[in-house]
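The lines below spell out each chain.
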Amino acid sequence: MTQAQIVVSGVSKVFSDGEREVVALKDIDLEIPAGEFVCLLGPSGCGKSTLLNAIAGFSLPSQGAIHADGELITAPGPERGMVFQEYALFPWMTVEQNIAFGLEIKGIARAERSARVAALLNMLGMADFGSRFPKDLSGGMRQRVAIARVLALDSPILLMDEPFGALDALTRRNLQDELLRIWAELKKTVIFVTHSIEEAIYLADRIVVMTYRPGTIKRDLRVDLPRMRDPSTPAFNALKRELGEMVMEEQQRHHHDEMRAAVD
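Keep in mind that this is a model prediction, so the values were computed, not measured. (Residues numbered from 1 in each chain as written. Predicted model: local features only at pLDDT ≥ 70, side-chain atom pairs only at ≥ 80, totals over all residues. Heavy atoms only, no water.)

Things to note about the pairing of strand β10 (residues 217-222)
1) Next: Pairing geometry for strand β9 (residues 206-210) and β10, over five bridges, is antiparallel. Pairing of methionine 210 across the sheet is with isoleucine 217, part of β10. (Pairing = 2+ DSSP bridges. Helix = DSSP H or I, 4+ residues; strand = E, 2+ residues; numbered from the N terminus.)

A look at the pattern of salt bridges
1) Next: By the definition in use, this model includes 15 salt bridges.
2) Next: A cluster of three or more residues bridged by salt bridges with shared partners is formed by Glu36, Arg206, Asp220 and Arg222. (Salt bridge = Lys/Arg side-chain N within 4 Å of Asp/Glu carboxyl O.)

Quick notes on the packing of aromatic side chains
1) Next: With the rule as written, the count across this model stands at six aromatic pairs.
2) Next: Considering the side-chain rings of phenylalanine 90 and tryptophan 92, the 5.2 Å spacing of their centres and the 35° angle between planes classify their relative orientation as tilted.
3) Next: Taking the relative accessible area as the measure of exposure, phenylalanine 90 reaches 22% and is therefore partly exposed.
4) Next: With a relative accessible area of 59%, tryptophan 92 lands in the exposed category.
5) Next: Between phenylalanine 90 and phenylalanine 101 the ring centres are 4.8 Å apart and the planes differ by 65°, which places this aromatic pair in the edge-to-face class. (Phe/Tyr/Trp six-rings, centres within 6.5 Å; stacked < 30°, edge-to-face > 60°. Buried < 20%, exposed > 50% of the residue type's maximum accessible area, 1.4 Å probe, protein only.)

Some remarks on the sheet that holds strand β3 (residues 37-41)
1) Next: The mixed open sheet is built from six strands, whose spatial order is β6-β7-β8-β3-β9-β10. Taken across any chain shown, the strands that pair with only one partner, and hence form the sheet edges, are β6 (80-83) and β10. Looking at each pair of strands side by side, their axes are set apart by 15° on average, direction ignored.
2) Next: Here helix α4 (residues 139-152) sits on the sheet and contacts β6 and β7 (157-161); the angle it forms with β6, its principal contact strand, is near 170°. (Axes fitted to C-alpha atoms, helices over the stretch in contact; angles between N-to-C directions. Contact = heavy atoms within 4.5 Å.)

Thoughts on the pairing of strand β8 (residues 189-194)
1) Next: Counting buried residues along β8, six of its six residues qualify, which places the element largely inside the surrounding structure.
2) Next: Burial along β8 is two-sided: Thr189, Ile191 and Val193 facing one way and Val190, Phe192 and Thr194 facing the other are all buried.
3) Next: For the segment spanning β7, helix α5 (residues 169-186) and β8, crossover handedness is right-handed. (Right-handed = clockwise from strand over helix to strand, strands pointing away.)

Examining the state of the cysteines
1) Next: Enumeration according to the criterion identifies zero disulfides in this entry.
2) Next: Sulfur of cysteine 39: no disulfide; nearest cysteine sulfur belongs to cysteine 46 and is 13 Å away. (Disulfide = S-S within 2.5 Å.)

Description of the nonpolar core
1) Next: Formed by 53 residues in total, the largest nonpolar core has its most connected members in Phe37, Ile99, Phe192, Ile201, Ile207 and Leu243.
2) Next: The greatest single-element share of this core, amounting to eight residues, is contributed by α4.
3) Next: If sequence neighbours within four positions are ignored, isoleucine 207 has contacts with Cys39, Leu41, Ala200, Ile201, Arg219, Asp220, Leu221, Val223 and Leu243. (Core = buried A, V, L, I, M, F, W, Y, C linked by side-chain atoms within 4.5 Å.)

Considering the environment of asparagine 53
1) Next: Within the element layout of this structure, asparagine 53 appears in helix α1 (residues 48-56).
2) Next: Using a relative accessible area of 23% as the deciding quantity, one classes asparagine 53 as partly exposed.
3) Next: In contact with asparagine 53, other than residues within four places in its own chain, are Phe58, Ser59 and Met82.

Focus: the environment of alanine 119
1) Next: Within the fold, alanine 119 resides in helix α3 (residues 110-123).
2) Next: Judged by its relative accessible area of 45%, alanine 119 falls in the partly exposed class.
3) Next: Alanine 119 sits 29 residues away from phenylalanine 90 along the chain, and the two C-alpha atoms are 21 Å apart.

Points about the sheet that holds strand β1 (residues 4-16)
1) Next: Spatially, the four strands line up as an open sheet ordered β2-β1-β4-β5, and their pairing is antiparallel. Looking at strand neighbours, the two that pair on one side only are β2 (21-33) and β5 (71-72), the edges of this open sheet.
2) Next: Where strand β4 (residues 63-68) and β5 come together, two bridges link them in antiparallel fashion. Residue pairing for β5: alanine 68 is matched across the bridge by glutamate 71.
3) Next: Lying over the sheet, α1 contacts β1, β2 and β4, oriented at roughly 120° with respect to β1.

A closer look at α5
What sets the pattern is the α-helix's 3.6 residues per turn: residues three or four places apart point alike.
1) Next: End to end, α5 covers 25 Å across 18 residues, agreeing with the expected 26 Å (1.5 Å per residue, within 8%).
2) Next: Within α5, the full set of buried residues consists of Arg172, Leu175, Gln176, Glu178, Leu179, Leu180, Ile182 and Trp183.
3) Next: Near the N-terminus of α5, the side chain that reaches the backbone nitrogen of leucine 170, with its oxygen 3.2 Å away, is that of aspartate 168.
4) Next: One or two positions beyond α5, positive phi appears at lysine 187, with a value near 60°. (Expected span 1.5 Å × (residues − 1). Polar contact = N/O pair within 3.5 Å; in protein donor to acceptor, adjacent residues only side chain to side chain.)

Take it as geometry only, folks, not as evidence of what the structure does.
Now the structure itself:
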């Protein structure tokens, strides 16, 4: 059995505004081996991003612990790269400068920075765009730059919070395919948050379905479909229906809670 690279042990997260407490996560246990592609799936409010932020080290658990490669996570670290839905590029920097920024902060020599940036631009099909500014790029190209900036740091763990959520369907599929190619080539461990059932099935080795608040693990399911996956096949659609029922059950619970709160 492959040793886990990320271990989430008994993690709960409570937010308080001084008047009331909201239990965002409750008793989460999760082990992720190195090189695995895991999707966190569930409706809004189920704690997917809260869990991802805890693994990133942006927000510490209220209870429990998270370890990466045996080390307790207490803060963000270079072994965990994060890609957000918002591109968060520096508008005054060129594509090359944006990608190289983290390397420069780390003190990597100019020649190595240039070589690493050029290799990533080639990998992502953007060799001719290094001197462009973010305002000159499409949404899909900006997200490629955001991914390249994280990959430049060569973090073994890649954390992605709905990175393709704002893109049109065709661009989204193209970037999904590019991400799978990069993942297969670079052997990264990927934890990917999405509310799209089809996206989760298309990408993941495992899909972790989360319940509506408090966020717990409803199902940890391995996707036993060959790659590259065809969303039109009966097996793909059977899994899509199964997951859809799970997510809809949690969505309805969310709606019921909202209705009850409105009456109260």
